[in-house]
Amino acid sequence: MAGVAASPVTAAVTVLDHGDRHAVTEVVVDPGQQVFPGHYPGFPIFPGVCVVECVNLGAQAAPPVAGPPLGLVAVESTRFQSPVFPGDTVKSEFDWVADGADWLCKAQVHTARGRAAQVRLRYRPVETGA
Amino acid sequence: MTAVATTVGTLGLAEIKKVLPHRFPMLLVDRVTDLEPGVGLTAYKAVTANEPWYAALPDDATDASYPRVLLVESWCQAAGVLVAWENPNPDVLTGQVMLFGGMADIEFTAPVLPGSVLEHRIRLMRALSDTVIFEGESLVDGEVVLTVGRVVMAMRPASELTG
């Protein structure tokens, strides 16, 4: 099953909009997410890397072009602006920009309280072999 | 003043838990060696298919690589040990807490599979009054699998999280 990978985020990704090199996706961070008991005991906060994973899962669900799957090869930059808590909805709005054979995903991440993060990810088509 | 750095010995799980608030399943550092306060450290994490991230992976999935964002999390926790070593606060509700401010130029250069032992190399680039910046890389069997250009951690009052 190509495209299926292990992930710390088990919540479903919903694609709200998927246009020409632009997409909006969201993940409802239910309190049952498996990361919360350990991050942190008695005070659950959605890990920053899981916010990045929400963008990654959204990017995989709303790729810029049809074709071979894209693999995450770099986090170009990320700036965390506010925490994400159990029950929040993480909404990612992103633009795809071609860079040679690579694709850059430039995302703004929001919750109901405002900006949560700015994330820029780099993807490369995965060689699926013969 | 002396120019001779003091290297702390190996830290096991109990010592790591004294300085980090992370717990199962999000405690992603198993052992720390060569800790030089204010300079850097080496840390190890064994990757296994028994981690919960693999629970939902179908048996016929062809990609068994460790989640890339968790490679970053594990590396950052190792950096957190260096920050917290001198001022440990394994409570996230009081005092000064360490927040993940941001990162740049993180490259994943090879997949990491269950059975691998990650070797994280952490170097402190710059320490300001409330912000610490790190760089480094991670290796598996001598091969670089992750390069970290810059990770920023900020010390903030816990009230910024608890409101």
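Residues numbered from 1 in each chain as written. Chains lettered and ligands numbered in written order. Predicted model: local features only at pLDDT ≥ 70, side-chain atom pairs only at ≥ 80, totals over all residues. Heavy atoms only, no water.

Draft legend 1. Focus on the overall build of chain A. Helix and strand content of chain A: one helix and six strands. Starting at the N terminus and walking to the C terminus, you meet the elements of chain A as β-β-α-β-β-β-β. Relative to the compact-globule value of 14 Å for 130 residues, chain A shows a C-alpha radius of gyration of 15 Å, a close match. For chain A, the C-alpha atoms occupy an extent of roughly 50 × 30 × 25 Å along the three principal directions. (Helix = DSSP H or I, 4+ residues; strand = E, 2+ residues; numbered from the N terminus. Rg over C-alpha atoms; globule rule 2.2 N^0.38 Å.)

Draft legend 2. The arrangement of the interface of chain B and chain A in detail. Counting residues at the interface gives 35 residues for chain B, matched by 31 residues for chain A. Carbon and sulfur atoms make up 69% of the area that chain B and chain A hide from each other, which totals about 2,700 Å². A per-residue breakdown of the area chain B buries against chain A is headed by B:Val69, B:Met103 and B:Leu161, which together make up 21% of the total. Joining chain B to chain A, the criterion identifies zero salt bridges. Put simply, the parts of the chain that give the side of chain B that touches chain A at least two residues each are helix 2 (68–85), strand 3 (96–108) and helix 3 (159–162) of chain B. (Contact = heavy atoms within 4.5 Å. Buried area = accessible area lost by both parts, 1.4 Å probe. Salt bridge = Lys/Arg side-chain N within 4 Å of Asp/Glu carboxyl O.)

Draft legend 3. Looking closely at the sheet that holds strand 1 (residues 31–36) of chain B. Strand order in the open sheet made by the 12 strands is 1(A)-2(A)-4(A)-5(A)-6(A)-3(A)-3(B)-6(B)-5(B)-4(B)-2(B)-1(B), with antiparallel pairing throughout. Each end of this open sheet is capped by a strand with a single partner; those strands are strand 1 (13–19) of chain A together with strand 1 of chain B. Taking the axes of each pair of neighbouring strands and ignoring which way they run, one obtains an average angle of 25° across the sheet. Sheet topology places strand 5 (residues 131–140) of chain B next to strand 6 (residues 143–157) of chain B; nine bridges connect them, and they run antiparallel. Within strand 6 of chain B, the residue paired with B:Glu137 across the bridge is B:Thr147. Where helix 1 (residues 48–61) of chain A meets the sheet, its contacts fall on strand 1, strand 2 (22–28), strand 3 (70–80), strand 4 (89–99), strand 5 (102–111) and strand 6 (114–125) of chain A together with strand 3 of chain B, and the angle it forms with strand 6 of chain A comes to roughly 55°. (Pairing = 2+ DSSP bridges. Axes fitted to C-alpha atoms, helices over the stretch in contact; angles between N-to-C directions.)

Draft legend 4. View of the confidence of the model for chain B. Of all residues in chain B, 94% attain a pLDDT of 70 or more, and the chain-wide mean is 91. Considering each helix and strand of chain B separately, the mean pLDDT is smallest for helix 3 of chain B, with a value of 73, and largest for strand 2 (residues 40–46) of chain B, with 98. (pLDDT = per-residue confidence, 0-100.)

Draft legend 5. Molecular detail of the pattern of salt bridges. The final tally for this structure, using the stated rule, is 10 salt bridges over all chains. Connected through shared salt-bridge partners, A:Glu76, A:Asp99, A:Asp102, A:Arg122 and A:Arg124 make up one network.

Draft legend 6. Quick peek at unusual backbone geometry. Going from A:His39 to A:Tyr40, the amide bond is cis rather than trans, its omega being 0°. Within the fold, A:Tyr40 resides in the loop between strand 2 and helix 1. Residue B:Pro25 is reached from B:Phe24 by a cis peptide bond, and omega for that bond is 5°. With respect to the helices and strands, B:Pro25 occurs in the loop between helix 1 (13–19) and strand 1. One non-glycine residue with positive phi stands out, namely A:Arg21, at about 55°. Residue placement: A:Arg21 occurs in the loop between strand 1 and strand 2.

Draft legend 7. How the structure looks around helix 2 of chain B. Taking 1.5 Å per residue, 18 residues should reach 26 Å; helix 2 of chain B reaches 26 Å between its end C-alpha atoms and fits that length. In terms of residue burial, helix 2 of chain B counts as a mostly covered element, since 16 of its 18 residues are buried. (Expected span 1.5 Å × (residues − 1). Buried < 20%, exposed > 50% of the residue type's maximum accessible area, 1.4 Å probe, protein only.)

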